[in-house]
Every structure is written in structure tokens, then in C-alpha cells.
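The lines below spell out each chain.
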Amino acid sequence: MPDPAVPPTPPVLLTSLLAREDLSLRRIAGPEDAGTVVHWVHTSEMADPYPYLLGGELLLTAGVHIPEAAGSGTYFDDYVSRIVAAGGAALGFGVAPVHDTVPRALVAACETHGLPLLEVPPQTTFSGVARAVWQLMSQSRLAELRRVTEAQQSLTSAASRPDPVPSVLRQLAQRLGGWAVLYGPEGAEIAGAGRRPGDEVREALAGLAEVVRPDRPTPPVGAASQTGSTPRTHSTGAQASEPEAAPSRSAHGPALPAGRQPPTDPGRPSPSPTSATDTVAGTHLAAYALGAGRGFVLGVATPQRAPGDHTVVSVAAVLLSLLTGEQQSGTGAARSSALVRLLLGAAPEEVAPLLGGERWVVVQARPDGTGPADAVAASALGAALGSALVDPAGDVVRVLVPADRAPAPLPGWTLGVSAAVAPHDWPAADTQAARALARARATRTPLLRHAPRPALADLVPPDEAAAHARTLLAPVTAHPALTETLRTWLSLHGSWDRTAVALSVHRNTVRQRITRCATLLETDLEDPDVRMELWFALRHI
């Protein structure tokens, strides 16, 4: 049976057509398959309609072509077999004016060949059936557009959340009713959402992701697909001088556009398609190379493929391309040059102009949820702050931001921001940001900035103040945990609970450390004068 030349219109379920009360159509033969669809309607009184069918039609006939002796021969069997061979979806037989009933031999032939046969009553015109099909198509198209629009809005909203990549994948999996996964440049699963499929499907999807990953080597001749099926691949890499042709299919690796020859050197990279599809164990698979060109791939596995799915996944792929792409605060070449110069001994102030600014702030951030931020979420944070200089170190993400880009509070993050400094003061700014972050977490403030201002302590020469601080705090400076606990506790006015939150320890641990500090310093920490002196001293170490 030839493949139907499907028109660019949504198909109509045959069951939806039968449910139209105004038509009163009745199925009298053929399989009751809920998935049977109609792509268009065609009326013909030809004895052999095969040459005039493209496939997918509901063929309507009043039986004018039926000879009088048709019931005693093979006429109906030949007639139905030709419709099935042409790919017809169903046959509608109009009762009256030629025939009072549907011929029994036609019913038997449709049962034999598995062709749905509908009885069209006298009050229903063929043009009325065609109009009903077009109406159902229009409703289906409207529903598809509405679904795509709602999906685009929800995906865009998910991309603006504090955890944009997992949120987009969750929303995509929910919209498709399947599984969505983001693969990293090395092929590892970075994040996934939805109903996780079995091992066979996951392995097949991972293999499909390798088909679209950029710069993959040409598979050896004769290498078979892991799934044993042939993926459909789509490439957009045609040169401007040659028209893009339909992709060919190959069982020995990714398909190449027609008219191109694969590289003769087996070690030479071959052009990668931008998307590929496959079906394994009744599950529809699709892989999309994300546009950043860094090796990220979006994979989806769905139990069924509905109209509009490709458009919905394409929207998600665009958003994920933006989220996983490198955000430019300067060219990548300039940043690489700055790194090389620093490694070779250049001073920070010499390389700062290459990075995009003369004065900078350091931002330290922690996600409000449990657990550290992953690399993709950290990259999204840097994009929101306007900088690609991101360091996701442990529980804290550090971002170096040009001073002219004032950081603002971000949903889902707690930020500590340093004062604007010159490059040679970056280490001091990092310390300022860390302290601001600790205080912001303790006070449950989305963003706190370090704001130095002249004070009485500034009247003391810095070298003398530092010498006094070292002497006064010598008993506790040998224990960094004690020093940081004392500093945080004093900054929070002696609050045990807030200090515990800021340091991520139990409040009893804070009490024990402060008691230990009081013992080592041989002083009364309840005395405000003592607290003030210790605070001034801590600012100089």
C-alpha cells in the first residue's frame, strides 16, 4: 500500500465523524479502530477508483457504478481491494436514490479486507459529510494552535523561574505526557522530568542524541543502530548555493541530505543533523541539538505523537538553547586571553579591561531550595546578573559583575553583593560578598550589599589597628571556626538562631563556640563595650 500523500491539515478521527448527530452515519462493517483517521473526502462513481486516490480519503459513493450481476461475482471484492491498496481510510455508501440498502456482498468484502464501511442515510448529502469533515479539521487546527500557544506561554514562564532548566523540562514532560531529558556535551543526563521509561527506551534515546550531537565522528561502515531501527534525521546545514533536499535514510548511521557524499576520511567529522526521530518499543523518540553548539541535546520520549508536539518541543529547544548557551559579557576570546595572562603572572588590573570593566562587584549567591545549584542553574544566574564570569563552587555561586550592572534581587536566590572595587581588591570584595550573603540569609533578606562608610574606627591608623587586633584576638584566630562564629554573632546582635542560619550549624553549636571564645579571650561578651571593641578588631583581620 502506498504512503498517503498527507495534506497540511490535521486529520479527523473517524469516530468523531460518526459521533455527529446531524449526519447520522452508521458503521456497518470493518474494524472499530479508534485510531482511524480521515484526511479528506472524495466522491467517485468509478468502478476502479484506485488511480484517483492519494490515500487517507473517506470515499463516498452512491453505487451508480455497480452492475446488476455484481453480487454473484468478484466485483465487490475487487472494488474494495483496490480502495485498500490505494490507502483509502473508509468507504461511505449512500442509500438512495440508486440502492435502498447497502449490498450484502459489499459489507462482506469490507469485512474481509478490513475497510470501515459507513452507511450514509438518504437525508445526509455527500457535500454535508465533506463540510462536516472540514469543520472538524478547523476545530482540530484551532485546538492545536491553542495548545501550542498555551504550551509556549507555560514554557516561557518556566524559563524565568530560579531553576529554569528543570522547570522547562518538567513543563515539557507535562505537556507531552512523556519524558524529557537534557544531555550534556559528554552524553550524561544533566536533568530529566516526567515518567521515566525503561532501560531499552532510555538507551535508544541516548543513542539518538549522539546522532545529532555536533562534531561526532563518522560511524564505521556497517555499524548498526543500537535499537535496530532506522532513525529519521533532519539537517539544516545545506549550503546557500545548493537547494536543501529531503534527507535520505540509512541503517548504517545518520542520514545525510540527498546530493551529498559522506567524508572519505573515517576520522573526519560529518555534518550533524539538527533533529532525529525514532520509535522503540511503541514509544516515540526525538532528539534535538540545542543551538548553542556546545554539545547539549534535548531528548523526549512520548507514548504517542499528537499534532503540535514538534512545535511545542521546538519552543522548549529554543529556550534551553538560550539557558545552556554561553552568556557574553565580552567575547570568549577576550576572556581566554585574560585567563592566560593571569596564569602567566599579569596583574588583575591589567586584564580587567579585557573582561568588560574597570570596577567590579562580587556577588555570592545561594539557592533558596535544598542542595547546591547545578552548573546550568549557575549559568542562568550569571545571565540574569549580566555576566558570564561564574564560579559554582560548592553551596555558593560566585559571580564577578561589572560595577555598572547593579545586581537586583532574583526569585529563588539569596544574594550578597560587595562594594564596587578595582581589580586589585577582588579578594577583599569576595570577603565582603560572603559576609553580606551570611547576613542576608540570617535576616531572610533576598539581597544585601556591603556599604562601607567612615566611622570612628577609621580614625585609627590601619597598621596600628591591625596590630592591636592581632594581639587582642590572638587566642581565637588560631581557630577559624571560632573567629567566623564570633564575627557573625556580633554582626547579628548576639542572635543565636540567626547566627546558626547564617553558618548552617545548630544553635547549640553557636552557643558552644561563643562560650569558648569568651573563655579564651577572658572577657564578658555580655558587656556592650567589649562587643564593640571586638567588632572593631575583627574588621582588621
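Residues numbered from 1 in each chain as written. Predicted model: local features only at pLDDT ≥ 70, side-chain atom pairs only at ≥ 80, totals over all residues. Heavy atoms only, no water.

**Observations concerning the environment of Leu208**
Quick note on the threshold: For the purposes of this entry, the term helix denotes a DSSP run of H or I that reaches at least four residues, the term strand denotes a run of E that reaches at least two, and both are numbered from the N terminus.
Of note, Leu208 is situated in helix α6 (residues 199-212). Taking C-alpha positions, Leu208 is 8.3 Å from Gly299, a pair spaced 91 residues apart along the chain.

**Describing the packing of helix α13 (residues 480-491) against helix α14 (residues 496-503)**
Formally: Angles run from 0 to 180 degrees between N-to-C directions of axes, and those axes are lines fitted to C-alpha atoms, restricted for helices to the stretch in contact. Orientation is classified from the angle alone, with under 35 degrees giving roughly parallel, over 145 giving roughly antiparallel, 65 to 115 giving roughly perpendicular, and any other angle giving oblique. A clockwise turn of the near helix away from the far one marks a right-handed crossing, whereas an anticlockwise turn of less than a right angle marks a left-handed crossing. Only heavy atoms enter the contact rule, under which two residues are in contact if any of them lie within 4.5 Å. Amino acids are sorted into nonpolar (Ala, Val, Leu, Ile, Met, Phe, Trp, Tyr, Cys and Pro), charged (Asp, Glu, Lys and Arg) and polar (every other residue, Gly among them).
Taken N-terminus to C-terminus, the directions of α13 and α14 make an angle of 130°; their axes are 9 Å apart at the nearest point. Taken as axis vectors, α13 and α14 run oblique relative to one another. Helix-helix and strand crossings are classified by hand; for α13 and α14 the assignment is right-handed. Facing Glu484, Thr485, Thr488 and Trp489 of α13, the residues of α14 in contact are Trp496, Thr499, Ala502 and Leu503. Partitioned by chemical class, the residues of the contact of α13 with α14 number 4 nonpolar, 3 polar and 1 charged.

**Observations concerning the pairing of strand β7 (residues 117-120)**
Stated precisely, the cut-off is as follows: In this description, strands pair whenever DSSP reports at least two bridges between them. By convention, a crossover is right-handed whenever its connection, traced from the first strand over the helix to the second and viewed with the strands pointing away, goes clockwise.
Of the pairings in the sheet, the one linking strand β2 (residues 26-29) to β7 comprises 3 bridges and is antiparallel in character. When the sheet's bridge partners are listed, Arg27 is paired in β7 with Leu118. Bridging between strand β6 (residues 90-94) and β7 involves 4 bridges; their strand directions are parallel. Within β7, the residue paired with Leu91 across the bridge is Leu117. What joins β6 to β7 is helix α3 (residues 104-113), and the crossover it makes is right-handed.

**Focus: the sheet that holds strand β17 (residues 413-417)**
Strand order in the open sheet formed by 5 strands is β15-β16-β14-β17-β18, and the pairing between neighbours is mixed. A single partner strand is all that each edge strand has here, and the edge strands are β15 (390-393) and β18 (447-449). Ignoring which end each strand starts from, the neighbouring axes of this sheet average 15° apart. Relative to strand β16 (residues 396-402), β15 runs antiparallel, the two sharing 4 bridges. Paired with Pro392 across the strands is Val397, a residue of β16.

**Quick notes on the nonpolar core**
Selection criterion: Residue types Ala, Val, Leu, Ile, Met, Phe, Trp, Tyr and Cys, when buried and joined through side-chain atoms within 4.5 Å, form a set referred to as a nonpolar core. Here the term buried applies to any residue with accessible area under 20% of the maximum for its type, exposed to any over 50%, and partly exposed to those in between, with areas from a 1.4 Å probe on protein chains only.
Formed by 31 residues in total, the largest nonpolar core has its most connected members in Leu155, Val165, Val168, Leu169, Leu172, Leu298 and Leu320. Elements supplying a minimum of two residues to this core: α4 (126-159), α5 (164-176), β8 (179-183), β9 (189-194), β12 (283-289), β13 (297-302), α7 (309-324) and α10 (375-385). Among the elements that take part in this core, α7 stands out by supplying 8 residues, more than any other. Ignoring any residue separated from it by four or fewer positions in sequence, one finds Leu169 in contact with Ala180, Val181, Leu182, Ala191, Gly192, Ala193, Leu298 and Leu320. Judged by nonpolar contacts, the second largest core, of 21 residues, contains Leu17, Leu60, Ala89 and Leu118.

**Side note on the packing of α5 against α7**
Interhelical geometry of α5 versus α7 gives an angle of 175° and a closest axis separation of 10 Å. As judged from the angle between their axes, α5 and α7 are roughly antiparallel. Here Pro164, Val165, Val168, Leu169, Leu172, Arg175 and Leu176 of α5 come into contact with α7, specifically with Asp309, Val312, Val313, Ala316, Leu320 and Leu323. Its residues assigned to classes, the contact of α5 with α7 comprises 11 nonpolar, no polar and 2 charged.

**Considerations on a nonpolar patch on the surface**
Test applied: Every patch collects residues that have over 30% relative accessible area and no salt bridge, joining them within 9 Å if they carry like charges and within 5 Å if they are nonpolar side chains (Val, Leu, Ile, Met, Phe, Trp, Tyr). Accessible surface area values rest on a Shrake-Rupley calculation with a 1.4 Å probe, where residue burial reflects the displayed protein chains alone. For this analysis, a salt bridge means a side-chain nitrogen from Lys or Arg found within 4 Å of a carboxyl oxygen belonging to Asp or Glu.
There is a patch of nonpolar side chains on the surface, built from Leu339, Val340, Leu343 and Leu344 and spanning about 460 Å² of accessible area. Looking at the element boundaries, Leu344 is found in the loop between α8 (332-343) and α9 (348-355). Using a relative accessible area of 73% as the deciding quantity, one classes Leu344 as exposed.

**Things to note about the sheet that holds strand β4 (residues 40-43)**
Strand order in the open sheet formed by 5 strands is β2-β7-β6-β5-β4, and the pairing between neighbours is mixed. Each end of this open sheet is capped by a strand with a single partner; those strands are β2 and β4. Between one strand axis and the next, the sheet turns through 30° on average, direction left out of account.

**Structural notes on the packing of aromatic side chains**
Under the convention used in this document: Two rings from Phe, Tyr or Trp (for Trp, the six-membered ring) form a pair when their centres sit within 6.5 Å of each other. Planes less than 30 degrees apart are called stacked, planes more than 60 degrees apart edge-to-face, and all others tilted.
Going through the model one piece at a time under the given rule, you end up with 4 aromatic pairs. Centroid distance Tyr75 to Phe76: 5.7 Å. Interplanar angle 85°. Geometry classified as edge-to-face. Looking at Phe76, the relative accessible area reads 4%, which means it is buried. Ring plane angle 5° and centroid distance 6.3 Å describe the contact between Tyr75 and Tyr79, whose orientation is recorded as stacked.

**Some details on the confidence of the model for the chain**
For the record, the criterion: One number per residue, pLDDT, summarises how confident the predictor is, and it ranges from 0 to 100.
On average, residues of the chain score 80 in pLDDT, and 83% of them reach the 70 mark or higher. Confidence over residues 217-230 falls short of pLDDT 50; this stretch has 26 contacts with residues more than four positions distant or in other chains. Taken together, the stretch residues 235-268 has pLDDT below 50 and engages in 50 contacts with residues farther than four places along the chain or on a different chain.

**Section: the pattern of salt bridges**
Here the structure, examined in full by the defined rule, presents 13 salt bridges. With a closest N to O distance of 3.1 Å, Glu119 and Arg26 form a salt bridge. Here the residue Glu119 occupies a position in strand β7, and Arg26 occupies one in strand β2, the gap between them amounting to 93 residues. Judged by relative accessible area, which is 45%, Arg26 ranks as partly exposed.

**A look at helix α16 (residues 528-538)**
Which entries qualify depends on this criterion: Of all possible arcs, the one meant is that of the directions from the helix axis to the C-beta atoms. Here a polar contact is taken to be a pair of N or O atoms separated by no more than 3.5 Å, where protein atoms must pair a possible hydrogen donor with a possible acceptor and residues adjacent in sequence count only if both atoms sit in side chains.
Those residues of α16 that fall on the buried side of the exposure criterion are Val530, Leu534, Ala537 and Leu538. Across the axial projection of α16, the buried residues extend over an arc of 95°, all falling on one side. In this structure, α16 carries Pro528 and Asp529 as exposed residues pointing more than 90 degrees from its buried face. Contacts made by the buried residues of α16 are with α12 (462-477), α13 and α15 (507-521). Its side-chain oxygen placed 2.9 Å from the backbone nitrogen of Asp529, Asp527 serves as the N-cap of α16.

**Remarks on α3**
The set of residues buried in α3 consists of Leu106, Ala109 and Cys110. Taken around the axis of α3, the buried residues stretch over an arc of 100°, which confines them to a single face. When the buried face of α3 is taken as reference, the exposed residues oriented beyond 90 degrees from it are Arg104 and Thr112. In this structure, the buried side of α3 is in contact with β2, α2 (75-85), β6 and β7. At the C-terminal side of α3, Gly114 shows a positive phi close to 70°.

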